[in-house]
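# Fold and contact review
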Amino acid sequence: MSSTRPCNSKSVVTSLIGGVLLPLLLCSCATVRTQQNFSEELALSPGPGELIEGVPGLTADRANGGIAAMSSLFAFWKTPVLPRESENRLAAGTSSLLIPPEEVMTDLADRRMLWTYAFYATIEEVEARLEAGIPLLVMVQDRGDDSSTRRYMLVVGYIQSAQKVLVHEGSSRPVVYDYGAFKRIWRPVRNWTLVVCPPDRITWPLNERERVARARFYERTGQWTSALVDLDRLQAAQPGNINIMLAKARVFQRAGNPTEAERQYRLALELDPLNARAANNLAYQMMNSGGDLAEAERWSRRALTIEPSNPSYLDTLGAILLLRQRPAEAAAVLERALHRADNLPPASRREIQTRLIQAFVESNQTHLARQIVDDIRRQDPRYVPPAQWRDVLK
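Residues numbered from 1 in each chain as written. Predicted model: local features only at pLDDT ≥ 70, side-chain atom pairs only at ≥ 80, totals over all residues. Heavy atoms only, no water.

Helix and strand content of the chain: 17 helices and nine strands. Put simply, the chain has 394 residues, and 50% of those count as buried. Surface accessibility of the chain: about 19100 Å² in total, with carbon and sulfur atoms responsible for 50%. (Helix = DSSP H or I, 4+ residues; strand = E, 2+ residues; numbered from the N terminus. Buried < 20%, exposed > 50% of the residue type's maximum accessible area, 1.4 Å probe, protein only. Areas by Shrake-Rupley, 256 points an atom, 1.4 Å probe, with all protein chains shown as cover.)

This is the structure in structure tokens:
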């Protein structure tokens, strides 16, 4: 059925009454029509179609990493919109490749409790999500051989029988593309599409990857029960999938249920005794929940037998050895961890350095502990070592 979505603010259609025409875009790739024309054609069309009203236009952001488009979606979903200063700062980070654009978009959406899912869509998948009332952010590229012509659009309507979509792309009014013209500029970026919406607005059948993405969203935002519901659905379809078991264990761990987290890790190891991640995570869980440290050490060493250079696994073993009061052994292991930690997040690297300071102090190698403190201060002059070691490290 053809339909339009109501909005609380004044309809864009009303503002376009009078038949104002759009300028031609890119040598007539886009049809010269207004949203009013599109709405009228949709009402008369015999097949499926949708027009989502109330989506604010966006400013052109060819080098802006999609931040302006995200701001429009935040306004549509009535969540806090980025101030222009923050928008520009984020754009500078993404355009200089300091932060992947998709990562920025996901983080901004998480903070507003909006689910995101990036995928390479078909036009049929676009139609299904528009039918659910979800405007879509897409990336396009005007010239197939020139990545500098990439930009972002918001797709807000379609008419299947006429093979047309309505988009906001940074011009003063929305623009209509026929499917052929739209696909020509969408194809060079493999039809990249981003869904941004409240998770309870999903009405289409979720595929496996979408359900995984939603479970991860629920986990990131601390909605443990909802995350487990999605993971249980996935596990029912794939009872032997170790990755789902590990995801459930991680949720239980973060939700403060160590008993169930440990049970899930053990189930995973029953299926695959050589799964390094399961072995390391079980060791870490046992260490943090007061479990048998001797057994935790065995699992940690098994993980390192499989992945001997993994800095996170080395850190787990070092932490266990410290708890077992074997600081000299811990120091040797943690030094290896630190040498391999360049690609870890700064916070994880700092945890390894802090444990290594402890290991050096407790093994009477304070001169080496001071070297680690000096290394940290070269990066962070304000660093202050933990209070219990300050006198020793003077």
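This brings us to the layout of surface pockets. For the largest pocket, the calculated volume is near 360 Å³. Looking at the largest pocket, it is lined by 17 residues, and the ones nearest its centre are Asn280, Asn281, Tyr284, Ser312 and Thr316. Of all the secondary-structure elements, those providing two or more residues to the lining of the largest pocket are α10 (242-254), α12 (276-288), α14 (311-323) and α16 (346-362). (1 Å grid on protein atoms, 1.4 Å probe; cavity = no way out; pocket = protein on both sides within 12 Å on 5 of 7 lines; lining within 4 Å. Points joined across faces, edges and corners; volume = space filled by probe spheres on them.)

Moving on, we get to the packing of α14 against α16. Two numbers describe how α14 lies on α16: the axes approach to 11 Å, and their chain directions differ by 35°. In this structure, α14 meets α16 at a crossing whose hand is left-handed. Only Ile352, Arg355, Gln358, Ala359 and Glu362 of α16 make contact with α14, whose side of the interface consists of Pro311, Asp315, Ala319 and Leu322. Within the contact of α14 with α16, the residues separate by chemical class into five nonpolar, one polar and three charged. (Axes fitted to C-alpha atoms, helices over the stretch in contact; angles between N-to-C directions. Left-handed = near helix turned anticlockwise from the far one by under 90°. Contact = heavy atoms within 4.5 Å. Nonpolar A, V, L, I, M, F, W, Y, C, P; charged D, E, K, R; others polar.)

Moving on to the packing of helix α11 (residues 258-271) against α12. The interhelical angle for the contact between α11 and α12, taken along N-to-C directions, is 155°, at an axis separation of 9 Å. Comparing their axes, α12 and α11 come out roughly antiparallel. Two packed elements cross with a definite hand, and for α11 against α12 that hand is left-handed. Contacts between α11 and α12 pair Pro258, Ala261, Glu262, Tyr265, Arg266, Ala268 and Leu269 from the former with Ala278, Ala279, Asn281, Leu282, Gln285 and Met286 from the latter. (Parallel < 35°, antiparallel > 145°, perpendicular 65-115°, else oblique.)

The full count for this structure, using the stated rule, is six aromatic pairs. For the pair phenylalanine 76 and tryptophan 77, a centre-to-centre distance of 4.8 Å together with 75° between the ring planes defines the contact as edge-to-face. Of the two residues, phenylalanine 76 and tryptophan 77, neither departs from the other in class, the shared state being buried. Between the aromatic rings of phenylalanine 217 and tyrosine 218, the centroid separation amounts to 5.6 Å while the plane-to-plane angle is 50°, which identifies the pairing as tilted. With a relative accessible area of 10%, tyrosine 218 lands in the buried category. Aromatic rings pair up to connect Trp115, Tyr117 and Phe119 into one cluster. Against the face of tyrosine 120 rests arginine 190, its NZ or CZ located 4.2 Å from the ring centre. (Phe/Tyr/Trp six-rings, centres within 6.5 Å; stacked < 30°, edge-to-face > 60°. Lys NZ or Arg CZ within 6 Å of the ring centre and 35° of its normal.)

To continue, consider helix α17 (residues 366-379). If you check α17, its first and last C-alpha atoms are 20 Å apart, about what 14 residues at 1.5 Å a residue would give, namely 20 Å. Summarising the contacts, the buried residues of α17 are in contact with α15 (327-339) and α16. (Expected span 1.5 Å × (residues − 1).)

Here we come to the side chain of asparagine 280. Relative to the helices and strands, asparagine 280 resides in helix α12. Within the structure, the side chain of asparagine 280 is placed 3.2 Å from the side chain of asparagine 281, a separation counted as a polar contact. The residues touching asparagine 280, leaving out its near neighbours within four places in the chain, are Ala303, Ser312, Tyr313 and Thr316. (Polar contact = N/O pair within 3.5 Å; in protein donor to acceptor, adjacent residues only side chain to side chain.)

This part takes up helix α9 (residues 224-237). Its 14 residues give α9 an end-to-end C-alpha distance of 20 Å, which sits within 8% of 20 Å, the value for a rise of 1.5 Å per residue. Of the positions making up α9, those classed as buried are Ala227, Leu228, Asp230, Leu231, Leu234 and Gln235. End-on, the buried residues of α9 take up no more than an arc of 165°, which puts them together on one face. Pointing more than 90 degrees away from the buried face of α9 are the exposed residues Thr225, Arg233, Ala236 and Ala237. (Arc of directions from axis to C-beta.)

It is characteristic of soluble globular proteins that their nonpolar side chains tend to be buried jointly. Residues Met70, Trp115, Leu137, Val155, Tyr177, Phe182 and Val195 are the most contacted members of the largest nonpolar core, which totals 72 residues. Ranked by size, the runner-up nonpolar core spans 47 residues in total, among them Tyr265, Ala278, Leu338 and Leu393. (Core = buried A, V, L, I, M, F, W, Y, C linked by side-chain atoms within 4.5 Å.)

Among the structural elements, arginine 340 can be located in the loop between α15 and α16. Spatially, the C-alpha atoms of arginine 340 and serine 309 are 7.2 Å apart, while their sequence positions differ by 31 residues. Excluding residues that lie within four positions of it along the chain, arginine 340 makes contacts with Ser309, Pro311 and Leu314. There is a polar contact of 3.2 Å between the side chain of arginine 340 and the backbone oxygen of arginine 336.

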